[in-house]
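Residue-level structure breakdown
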Amino acid sequence: MTADQTNNGEANLLVGAGGPFTRQQMHADPLYTARKDFSAGVVWKKIRGVDTLVVNNGADGPVDIAHPVLVGRVSDDRPWLEPHGSFNPKYDPEKAIKQAKLAITVVSPIGDPDFEVDFTPSINSLINVQKAIATSNMHQHLLISIGEGTGIRLNFPIWEKKTEQNKDGGAERFTKSYAVNDECEPWFTTMKEKHYIKQFPLYDSKDDLIQDISVLEDKLVGALVEVTFSLKHYYITSKTDKPNDTFTAIIENITILKPPPTVSHGPYRSLLSPKKKPARRIQTPLGISTRGKQINAAKSFIPVPQPIFTPKGTAINPSGSASSTASSSSSHTLDDSQQEGDENDDEGRQQSPKRPRLV
């Protein structure tokens with residue numbers, strides 16, 4: 001059944017971005033990384049001295065750079081999505097400005113009914129692609145371990161060198177209008193003399209280009225995205241570090257299939273998490289400011305000794321001590337009190353528990 005044969009609600013579900021129809025279209029693409037035969041459809045080939053992933057067209061076929069596709073959720077792990085990207089003028093700025101790039105990490109879309117099952121096969125496909133060319137046990141910068149599990153790191157270089165072939169009035173205007181913070185501005189101004197700044201290829205679910213560079217992080221972090229990228233390999237050796245295989249995934253375009261979930265804050269958030277602790281209350285009662293007044297106040301809570309009463313008909317032991325007399329009197333007093341309470345209860349009047357009288 002096609003979307004045209006369904007009612008409007010079902011059609012929106014099938015063809016809507018991120019729905020089952022979208023996943024069906026993905027699996028029809030031989031370069032979708034979640035396909036079981038993805039690894040067999042690509043090979044490595046040197047292009048201008050760099051190992052590049054290309055479509056497997058056979059030994060005599062044309063050389064077509066492969067553009068794999070994956071679907072996942074953009075993580076909040078190091079999203080370099082501000083206009084200056086990875087550039088930091090405090091660390092070797094002359095080198096860093098030339099390598100400035102935007103970057104994201106894509107992780108499994110846990111809970112998504114359509115694409116969660118595709119992420120692990122995508123990871124396995126990329127592992128197989130790395131093994132096909134790697135000569136060391138260290139494979140860096142593509143598959144990374146973060147708190148959310150295994151993520152796929154993707155980059156977008158900011159600069160493109162100006163040439164006679166890529167002269168473009170639109171690119172020139174975009175480069176001149178591209179604004180960064182005051183700390184980065186001098187370095188960007190120098191680079192703009194011989195380079196264009198490339199437009200980040202981010203599209204919404206209607207395939208409209210999102211041109212506002214300042215909203216990238218708000219639009220991307222937490223969103224379900226379809227990423228098309230190219231992949232390059234570099235074998236790195238040095239005198240100090242062990243040899244390693246470095247893989248660089250370059251973003252060709254990103255489409256937002258589902259926007260980030262909205263996070264609403266309850267009206268009592270400020271009460272539950274106040275910015276300042278409440279003022280400490282004064283522990284000493286007001287008006288008691290001296291040591292003498294505090295002692296007098298404490299004495300007012302000391303019970304006054306009660307006189308000893310001898311119940312009627314009870315003889316005092318002449319030879320007994322004062323303590324035994326007090327003890328005897330106390331015991332009889334409690335008995336009389338209990339007896340009085342029992343008599344009142346018999347009359348049907350409710351009595352509250354009585355405290356024993358202090359002797």
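A quick note: this is a predicted structure, and the numbers were derived from the prediction, not measured. (Residues numbered from 1 in each chain as written. Predicted model: local features only at pLDDT ≥ 70, side-chain atom pairs only at ≥ 80, totals over all residues. Heavy atoms only, no water.)

What to know about helix 5 (residues 169–177)
Defined as follows: Using a 1.4 Å probe on the protein chains alone, a residue whose accessible area is under 20% of its type maximum counts as buried, one over 50% counts as exposed, and one in between counts as partly exposed. Under the scheme used here, helices are H or I runs from DSSP no shorter than 4 residues and strands are E runs no shorter than 2 residues, and both carry numbers assigned from the N terminus. Think of it as the arc spanned by the lines of direction from the helix axis to the C-beta atoms. For this analysis, residues touch if any pair of their heavy atoms sits within 4.5 Å. In protein, a polar contact means a hydrogen-donor-capable atom and an acceptor-capable atom, both N or O and within 3.5 Å, with residues adjacent in sequence counting only if both atoms are side-chain atoms; elsewhere, any N or O pair within 3.5 Å suffices.
Within helix 5, the full set of buried residues consists of A171, F174 and T175. One face of helix 5 carries all of its buried residues, which in axial projection span an arc of 100 degrees. In helix 5, those exposed residues whose orientation departs by more than 90 degrees from the buried face are R173, K176 and S177. For helix 5, the secondary structure elements touched by its buried residues are helix 6 (185–192) and strand 9 (195–197). Backbone nitrogen of G170 and a side-chain oxygen of the N-cap are separated by 2.9 Å at the start of helix 5; the cap is D168.

So, the pairing of strand 1 (residues 42–47)
So the rule is basically this: Here the rule is simple: two strands pair whenever DSSP picks up at least two bridges between them.
Pairing between strand 1 and strand 2 (residues 50–55): six bridges, direction antiparallel. What sits directly across from V43, in strand 2, is V54. Between strand 1 and strand 2, which pair antiparallel and follow one another directly, the connecting turn spans two residues, one of which, R48, has a positive phi of 55 degrees.

A closer look at the side chain of R153
Note the cut-off: For this count, His and the chain ends are skipped, Lys and Arg are scored as positive, and Asp and Glu as negative. Every case where a carboxyl oxygen of Asp or Glu lies within 4 Å of a side-chain nitrogen of Lys or Arg is listed as a salt bridge.
Mapping R153 onto the fold places it in strand 7 (residues 149–157). Summary of buried charges: R153 has no salt-bridge partner, and the nearest side chain of opposite charge, D77, is 4.7 Å away. Of the polar contacts made by the side chain of R153, one reaches the backbone oxygen of D77; its length is 3.5 Å. Dropping the residues within four chain positions of it, R153 is found in contact with D77, R78, W80, A103, I104, T105, H141, L142, I144 and A249.

Some thoughts on the pattern of salt bridges
Side chains that differ in sign of charge can pair as their charged atoms come close. The full count for this structure, using the stated rule, is eight salt bridges. Where R23 meets D118, a salt bridge forms, and the shortest distance between an N and an O atom there is 2.9 Å. Of this pair, R23 sits in helix 2 (residues 20–27) while D118 sits in helix 4 (residues 116–131), and the two are 95 residues apart along the sequence. For R23, a relative accessible area of 26% translates into the label partly exposed. Using a relative accessible area of 3% as the deciding quantity, one classes D118 as buried. Of the charged contacts in the structure, one is a salt bridge between R73 and E148, with a shortest N-O distance of 2.6 Å. Here the residue R73 occupies a position in strand 3 (residues 69–74), and E148 occupies one in the loop between strand 6 (143–146) and strand 7, the gap between them amounting to 75 residues.

With respect to the nonpolar core
Note the following rule: To form a nonpolar core, buried Ala, Val, Leu, Ile, Met, Phe, Trp, Tyr and Cys residues must be joined to one another through side-chain atoms within 4.5 Å.
Counting residues in hydrophobic clusters, the biggest one holds 52 residues, and the most contacted among them are F200 and L220. The leading source of residues in this core is strand 12 (residues 244–258), at five residues. Those residues in contact with L220, other than ones at most four positions away along the chain, are V74, L81, I104, F200, L202, V225, I254 and I256. The next biggest cluster of nonpolar side chains, apart from the first, holds eight residues, and it includes M26, Y32, L224 and L257.

Examining the packing of aromatic side chains
To keep it simple, the criterion reads: The rule is short: rings of Phe, Tyr and Trp, with Trp giving its six-membered ring, pair when the centres are within 6.5 Å, and they are stacked under 30 degrees, edge-to-face over 60, tilted in between. Charge-over-ring contacts are defined here by two conditions on Lys NZ or Arg CZ: a distance within 6 Å of the ring centre and an angle within 35 degrees of the ring normal.
Summed over all chains, the structure comprises seven aromatic pairs. On the basis of an interplanar angle of 70 degrees and a centroid distance of 6.1 Å, the ring pair of F87 and F188 is categorised as edge-to-face. Here the residue F87 occupies a position in the loop between strand 3 and helix 3 (93–96), and F188 occupies one in helix 6, the gap between them amounting to 101 residues. Where F156 meets F200, the ring centres are 5.2 Å apart and the plane angle is 90 degrees; that geometry is what we call edge-to-face. Residue F156 is located in strand 7, and its partner F200 is located in the loop between strand 9 and strand 10 (202–203); the two are separated by 44 residues in the primary sequence. Just above the ring of W80 sits the side chain of R153; from NZ or CZ to the centre is 4.8 Å.

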